[in-house]
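Spelled out from the first residue to the last, the chains are:
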Amino acid sequence: MNYWILSSPEETQRFGKRLAEFLQAGDVLTLSGDLGAGKTTFTKGLAVGLGITKLVNSPTYTIVKEYTGRLPLYHMDVYRITDEEDIGLDDYFDGSGVVVVEWSENIKSLIPDQHLEIQIERLNENQRKIILIPHQERFERMCKEFNY
Ligand code: ADP
Ligand code: MG
């Protein structure tokens, strides 16, 4: 199974929390989906699953927010930037924490080949379809083990 229907923001957070149990330092997750799809909502749950107690908010205006939990979480929203802008984002992909990138299509050249692609689609007011697409063996294995 590589997709799930999530019927409320709380369920999307629970899904993120569950996924966090499978993560390790160096993992990169890309989140795609329209504005309001639930990318930040998902990340809030993921952070809880990483043992982060601080509230996670959208990093749209700050580009990257760093949180400390069981593993560091680097939450990026690159809606406003492009590959060409050298603002030092590459340092976050050095393997020390979990990187979650909203609007990763804007910084394609920085995303490692090995990553987990997560697509969130708005079905209606409260329902979302979430799809996990593993890239390379680490995430292929993870997706086989993952259950929700
Ligand atoms: P994005 O980061 O993709 O722009 P947000 O997570 O900031 O999206 O916003 C998602 C919005 O959709 C929130 O207002 C949230 O309450 C609402 N929502 C409704 N149903 C869901 C659901 N099943 N999953 C996630 N968000 C949902
Ligand atoms: Mg967002």
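Everything that follows concerns the structure shown earlier in this document.
So, here is what we can say about the structure in this document. Source: prediction; values computed, not measured.

1. A short note on the pattern of salt bridges
Reasoning step 1: In the structure shown here, the tally under the stated rule is two salt bridges.
Reasoning step 2: A salt bridge links D27 to R138, with the nearest nitrogen and oxygen atoms 2.6 Å apart. Linking D27 in the loop between helix 1 (9–20) and strand 2 (28–32) with R138 in helix 3 (residues 137–145), this pair joins segments that are 111 residues apart in sequence.
Reasoning step 3: The class of D27 is buried, set by a relative accessible area of 3%.

2. Re helix 3
Reasoning step 1: Within helix 3 the residues assigned to the buried category are R138, F139, M142 and C143. One side of helix 3 holds all its buried residues, which, seen down the axis, span an arc of 125 degrees. Opposite the packed face of helix 3, turned more than 90 degrees from it, sit the exposed residues E137 and K144.

3. A closer look at the coordination of the magnesium ion (ligand 2)
Reasoning step 1: At this site the magnesium ion (ligand 2) is bound by T40 (OG1) and E102 (OE), with donor distances of 2.2 to 2.3 Å. Taken together, the residues T40 in helix 2 (residues 39–49) and E102 in strand 5 (residues 98–102) connect sequence positions 62 residues apart. Each member of the pair T40 and E102 is classed as buried.

4. Brief notes about the nonpolar core
Reasoning step 1: Among the nonpolar cores identified, the biggest contains 30 residues, and L19, F42, L46 and I118 are the most heavily contacted of them.
Reasoning step 2: When residues of this core are traced back to their parent elements, those giving at least two are strand 1 (3–6), helix 1, strand 2, helix 2, strand 5, strand 6 (115–122), strand 7 (128–135) and helix 3.
Reasoning step 3: Setting aside residues no more than four positions away along its own chain, L19 makes contact with L29, F42, L46, L116, I118, L132, M142 and F146.
Reasoning step 4: Residues I63, Y74, V78 and F93 belong to the second largest nonpolar core, which totals 15 residues.

5. Section: the side chain of D27
Reasoning step 1: For D27, the side chain forms a polar contact with the main-chain nitrogen of Q24, separated by 2.9 Å.
Reasoning step 2: Only 2.6 Å separates the side chain of D27 from the side chain of R138, close enough to count as a polar contact.
Reasoning step 3: Residues contacting D27, with those up to four places away along its chain left out, are F22, G97, V98, V99, R138 and F139.

Cut-offs applied
Residues numbered from 1 in each chain as written. Chains lettered and ligands numbered in written order. Predicted model: local features only at pLDDT ≥ 70, side-chain atom pairs only at ≥ 80, totals over all residues. Heavy atoms only, no water. Salt bridge = Lys/Arg side-chain N within 4 Å of Asp/Glu carboxyl O. Helix = DSSP H or I, 4+ residues; strand = E, 2+ residues; numbered from the N terminus. Buried < 20%, exposed > 50% of the residue type's maximum accessible area, 1.4 Å probe, protein only. Arc of directions from axis to C-beta. Donors = N, O, S within 2.8 Å, 3.2 Å for Na, K, Ca; no water. Core = buried A, V, L, I, M, F, W, Y, C linked by side-chain atoms within 4.5 Å. Contact = heavy atoms within 4.5 Å. Polar contact = N/O pair within 3.5 Å; in protein donor to acceptor, adjacent residues only side chain to side chain.

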